[in-house]
Amino acid sequence: MTDTQERTPAPPAGGGSGLDSYFKLTERGTSVGTEVRAGFTTFLVMAYIIFVNPSIIAEPLGFDGGAVAAATALVAGLLTILMGVVANVPIAMAAGLGINAAVAFGLVLGDGLTPEGAMGVIVLEGIIVAALVLVGLREAIMNAVPMALKRAIGVGIGLFILFIGFVNGGLIGPGVPVVEFVFPNTNGAWVTLIGLGLTVLLYARKVPGALIISILATTAVALVWGVASVPENFSVTPSFDTLGAFDLGNVFDHLGIVAALLTIFSFMLTDFFDTMGTATAVTEQAGLTDEDGNIDNIGKLLFVDSLGAAAGGAAGISSNTSYIESSAGVAEGGRTGLTSVVVGVLFLIAIFLSPLAGIVPPQATAPTLILVGFLMAGLIKGIDFDDLEEGFPALLAIVLMPLTFSITVGIGAGFVMYAFIKVVKGKASELHPLMWVVSIAFLVYFGQAVLRGLIS
């Protein structure tokens, strides 16, 4: 049990209220106040996507940045509310980082698809993944994954977001041979260090609302030092010009049927397993998994997440997926879908007040990401590194996620190595059939460049 779980306040009397019975607040040892506070924390940690997504896809796709920002907030708000109401988990959704860059720089600038054609690829892969959920295949694959790999996914994602926190805070940058520590030589880096010290202090003292207090206080420091600023003017009339900007046929017309199917498949794998990693890590951190790491209501969670890809593509803003930053709200005590509903409402408000949401600089949220990464890394104690079959695939998954900046690469390497070791030790019969399918799928994913070359 984490410090957060220990300090979660006892729910107030009146546990039979509508909110309590629907979201199971008493059953999960939480309260309305805790869930609201957790929702604010998650929103503040991931509100950056409203501005980061346009900075990545607007120019390559020729879309208006303001319209991309408004649609990003709209879709994130609606999907996150849906996640909370349908699946009752404290997981928020928004446009996925990494896949949005792949859409802009890979499909459009690289493969030459039209912007609408690139979004059509996202819609198609989202529909396919949703169909896999409806037939139970996606849930079955998640349940077939060994516990050690599930824990490794959680640890790897924790290190991944810890790394993001150091990078966003300006404390790690490119160096020799790859990255290096950057001694604080800017106001932004000092703001990160001050925020990290405050975050650890508040959390160590078990102060209620430690993470949200640290984010707000660090933002105040950033404003004083000129690292952040309050916008002088902003429009309250959002544009939604990107909605409906997708074309389902362009990828087939431009690349041909085989290459198009392989392209859709690679994006499907990315969405498929990024969500598996996030869902496993966040729900285990929240204490919502059983002893085998299985998640209650996983089918509903996966279906809503699958809709996110199709919805994001249809809105012209790239695939929406479950966000690992949800773990910040869980660390603040969030245990139910009410946390997600709060996050979703804040995203909808941000449609009209998006310039104000940008006041919170990355240096103010970086300390929270670093601390949450530490909390998630605690899952490593459940992995037996004395066992080659369990430890080595887990290590690959853990290390490669932050090193490659890709959750999918880490998961894929772990899966393939797990299957390989079973085979060479004469234990192939112990592999679940779905693990065979997934491992082969990842081999195709890793070898797609070679396959495309052979096809062309």
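Shown above is the structure to which this text applies.
> Could you clarify how one ought to interpret the overall build of the chain in this entry?
Scanning the chain from N- to C-terminus turns up 21 helices and four strands. Relative to the 2.2 N^0.38 estimate, which gives 23 Å for 456 residues, the radius of gyration of the chain is 21 Å and therefore close to what a compact globule would have. Dimensions of the chain, computed from C-alpha atoms along their principal axes, come out at roughly 55 × 55 × 50 Å. Out of the 456 residues belonging to the chain, those deemed buried represent 55%. Residue pairs at least 24 apart in sequence account for 80% of intrachain contacts in the chain once pairs closer than 6 positions are excluded. Working note: accessible area of the chain is about 17800 Å², and carbon and sulfur atoms make up 67% of it. The averaged location of the 32 negative side-chain charges in the chain is 10 Å from the averaged location of its 16 positive side-chain charges.

> Please explain the pattern of salt bridges as it appears in this structure.
Side chains bearing opposite charge may pair, as long as their charged atoms lie close to each other. Here the structure, examined in full by the defined rule, presents five salt bridges. For the salt bridge of Glu 430 with Lys 422, the shortest nitrogen-to-oxygen distance reads 2.7 Å. You can call Lys 422 buried: its relative accessible area is 7%. Each member of the salt-bridge network shares a partner with another, and the members are Glu 389, Lys 422, Lys 425, Lys 427 and Glu 430.

> Got a minute to help me understand the packing of helix H10 (residues 187-204) against helix H17 (residues 362-377) in this structure?
Two quantities define a packed helix pair, namely the angle between the axes and the distance from one axis to the other. Between H10 and H17, the shortest axis-to-axis distance is 8 Å and the interhelical angle comes to 45 degrees. As far as their axial angle goes, H17 and H10 are oblique. Once H10 is placed against H17, the crossing between them reads as right-handed. Where H10 abuts H17, its residues Gly 188, Val 191, Thr 192, Gly 195, Leu 196, Thr 199 and Tyr 203 lie against Gln 363, Ala 366, Pro 367, Ile 370, Leu 371 and Leu 375. A breakdown of the residues in the contact of H10 with H17 according to their chemical character gives eight nonpolar, five polar and no charged.

> Which parts of the structure should I look at to understand the nonpolar core?
If you look at soluble globular proteins, the nonpolar side chains tend to sit buried side by side. Judged by nonpolar contacts, the single largest core of 111 residues is most densely connected at Phe 273, Leu 301, Phe 347, Ile 411 and Phe 415. Broken down by element, this core gets its largest block of residues, 11 residues, from helix H13 (residues 257-285). Not counting residues within four places of it along the chain, the set of residues in contact with Leu 301 comprises Met 83, Ala 87, Val 89, Ile 91, Ala 279 and Thr 283.

> Looking at this structure, I do not really get unusual backbone geometry. What am I missing?
Residues other than glycine predominantly adopt negative phi, and peptide bonds predominantly adopt the trans conformation. For Asn 88, which is not glycine, the phi dihedral falls at a positive 55 degrees. If you trace the backbone, Asn 88 turns up in the loop between helix H5 (65-87) and strand E1 (93-95). Assessed through its relative accessible area of 6%, Asn 88 is described here as buried.

> Hey, could you run me through the side chain of Thr 41 in this one?
Tracing the backbone through its elements, the reader meets Thr 41 in helix H3 (residues 32-46). Relative accessible area serves as the criterion here: at 0%, Thr 41 is assigned to the buried category. Within polar-contact distance, the side chain of Thr 41 engages the backbone oxygen of Arg 37 at 3.0 Å. Thr 41 has contacts with Leu 211, Ile 212, Ile 215, Ala 328, Gly 329 and Glu 332, leaving out every residue within four places of it along the chain.

> Got a minute to help me understand a nonpolar patch on the surface in this structure?
On the surface, Phe 181, Phe 183, Trp 190, Leu 193, Ile 194, Val 224 and Trp 225 cluster together into a nonpolar patch covering about 750 Å² of accessible area. The greatest single-element share of the nonpolar patch, amounting to three residues, is contributed by H10. By the element assignment, Leu 193 lies in helix H10. Classification of Leu 193 as partly exposed rests on a relative accessible area of 32%.

> Teacher, can you tell me more about the packing of H10 against helix H11 (residues 210-224) here?
It is at 9 Å that the axes of H10 and H11 come closest, and there the two elements cross at 155 degrees. Considering the angle they form, H10 stands roughly antiparallel to H11. The chirality of how H10 crosses H11 is right-handed. On H11, the residues that touch Val 191, Ile 194, Gly 195, Leu 198, Thr 199, Leu 202 and Tyr 203 of H10 are Ala 210, Leu 211, Ile 213, Ser 214, Ala 217, Thr 218, Val 221 and Ala 222.

> Whenever I open this one, the packing of aromatic side chains confuses me. Can you help?
The relative placement of two aromatic rings is captured by the distance of their centres and the angle of their planes. Inspection of the entire model under this criterion finds seven aromatic pairs. Here the aromatic rings of Phe 415 and Phe 442 are separated by 5.8 Å at their centres, their planes lie at 75 degrees, and the arrangement is edge-to-face. Taken together, the positions of Phe 415 in helix H19 (residues 407-424) and Phe 442 in helix H20 (residues 433-446) put the pair 27 residues apart, joining distant regions of the chain. For Phe 415, a relative accessible area of 1% translates into the label buried. Phe 442 sits in the buried class, given a relative accessible area of 0%. Pairing Tyr 445 with Phe 446 gives two aromatic rings, centres 5.7 Å apart and planes at 65 degrees, and the pair type is edge-to-face. You can call Phe 446 partly exposed: its relative accessible area is 39%. Each residue in the set Phe 415, Phe 442, Tyr 445 and Phe 446 is aromatic and connected to the rest through ring pairs, giving one cluster.

Cut-offs and rules
Residues numbered from 1 in each chain as written. Predicted model: local features only at pLDDT ≥ 70, side-chain atom pairs only at ≥ 80, totals over all residues. Heavy atoms only, no water. Helix = DSSP H or I, 4+ residues; strand = E, 2+ residues; numbered from the N terminus. Rg over C-alpha atoms; globule rule 2.2 N^0.38 Å. Buried < 20%, exposed > 50% of the residue type's maximum accessible area, 1.4 Å probe, protein only. Contact = heavy atoms within 4.5 Å. Areas by Shrake-Rupley, 256 points an atom, 1.4 Å probe, with all protein chains shown as cover. Lys, Arg positive; Asp, Glu negative; His and termini not counted. Charge placed at Lys NZ, Arg CZ, Asp CG, Glu CD. Salt bridge = Lys/Arg side-chain N within 4 Å of Asp/Glu carboxyl O. Axes fitted to C-alpha atoms, helices over the stretch in contact; angles between N-to-C directions. Parallel < 35°, antiparallel > 145°, perpendicular 65-115°, else oblique. Left-handed = near helix turned anticlockwise from the far one by under 90°. Nonpolar A, V, L, I, M, F, W, Y, C, P; charged D, E, K, R; others polar. Core = buried A, V, L, I, M, F, W, Y, C linked by side-chain atoms within 4.5 Å. Polar contact = N/O pair within 3.5 Å; in protein donor to acceptor, adjacent residues only side chain to side chain. Patch = residues over 30% accessible without salt bridge, like charges linked within 9 Å, V, L, I, M, F, W, Y side chains within 5 Å. Phe/Tyr/Trp six-rings, centres within 6.5 Å; stacked < 30°, edge-to-face > 60°.

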